[in-house]
Every structure is written in C-alpha cells, then in structure tokens.
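Next come the chains, spelled out residue by residue.
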Amino acid sequence: MRPLGQDDAVEFARLFKAVADPTRLRLVSLVAANVSNEACVCDLTEPVGLGQPTVSHHLKILVDAGVLDREKRGVWSYYSIKASTLDKLAAFLSPA
C-alpha cells in the first residue's frame, strides 16, 4: 500500500468523521441489516431511541459524506448503503 496523498487523506478523514459517532454507526448497521438493504427514517427512530429530527440530521451527515444514498418516495426518504464507499473504507483498513 502506498502512503495517502493529501486529497485522499482529506477524503478518508471526512468519511471517518461521518461514521465516528455511535448513533451514526448504529444507523449504518441498521440500514445494512435490513432485508431490503434500505430503510425509511420512520423505521430508524425507535431502534436508536431518538426523535425523527435528530435521526434525520445524522442521516444527512451520512448522505453528505457518501456513506448512504437517499431516495425520496412521497413524503418519506429511504436510505441505502453506498457500497462503493464502504468498500473503499474496508480496503483502506485492511491493506493487502
């Protein structure tokens, strides 16, 4: 593995910052564990024990960082794992 360049270091720091929160880690794991590989914000509030505005804030951070994708359906937003980002993180954390 070669050392990170400045741009890659900034990108990885942004990703790690987004997931370096217990609630956000739980949200990613809840979305990933869902049978359909997606979850509505309405399905995520109870498991994390937080209100919808707080969960939505955490989800926005994850979407903005590229960890989750968001699809609007009517009044609800559905979130899914952005596999390419998690693959990138996994490759970084387990170099060959």
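So, here's what we can say about the structure.

What counts and what doesn't
- Residues numbered from 1 in each chain as written.
- Predicted model: local features only at pLDDT ≥ 70, side-chain atom pairs only at ≥ 80, totals over all residues.
- Heavy atoms only, no water.
- Core = buried A, V, L, I, M, F, W, Y, C linked by side-chain atoms within 4.5 Å.
- Buried < 20%, exposed > 50% of the residue type's maximum accessible area, 1.4 Å probe, protein only.
- Helix = DSSP H or I, 4+ residues; strand = E, 2+ residues; numbered from the N terminus.
- Contact = heavy atoms within 4.5 Å.
- Pairing = 2+ DSSP bridges.
- Axes fitted to C-alpha atoms, helices over the stretch in contact; angles between N-to-C directions.

## Comments concerning the nonpolar core
Within the largest apolar cluster, 21 residues are counted, with the highest numbers of intra-cluster contacts made by Leu59 and Leu62. Secondary-structure elements contributing two or more residues to this core are helix H1 (6–19), helix H2 (22–33), strand E1 (38–40), helix H3 (41–48) and helix H4 (52–65). No other element matches the five residues that H4 contributes to this core. Beyond its immediate chain neighbours, meaning those up to four positions away, leucine 62 contacts Ala18, Val19, Arg24, Leu27, Val28, Val67 and Leu68.

## As for the sheet that holds strand E3 (residues 76–81)
Strand order in this open sheet of three strands is E1-E3-E2, and the pairing throughout is antiparallel. The outermost strands of the open sheet, each flanked by one partner alone, are E1 and strand E2 (68–73). Mean inter-strand twist for the sheet, computed between neighbouring axes without regard to direction, equals 25°. In this sheet, E3 lies alongside E1 in antiparallel orientation, the contact comprising three bridges. Bridge pairing in E3 places alanine 39 opposite tyrosine 79.

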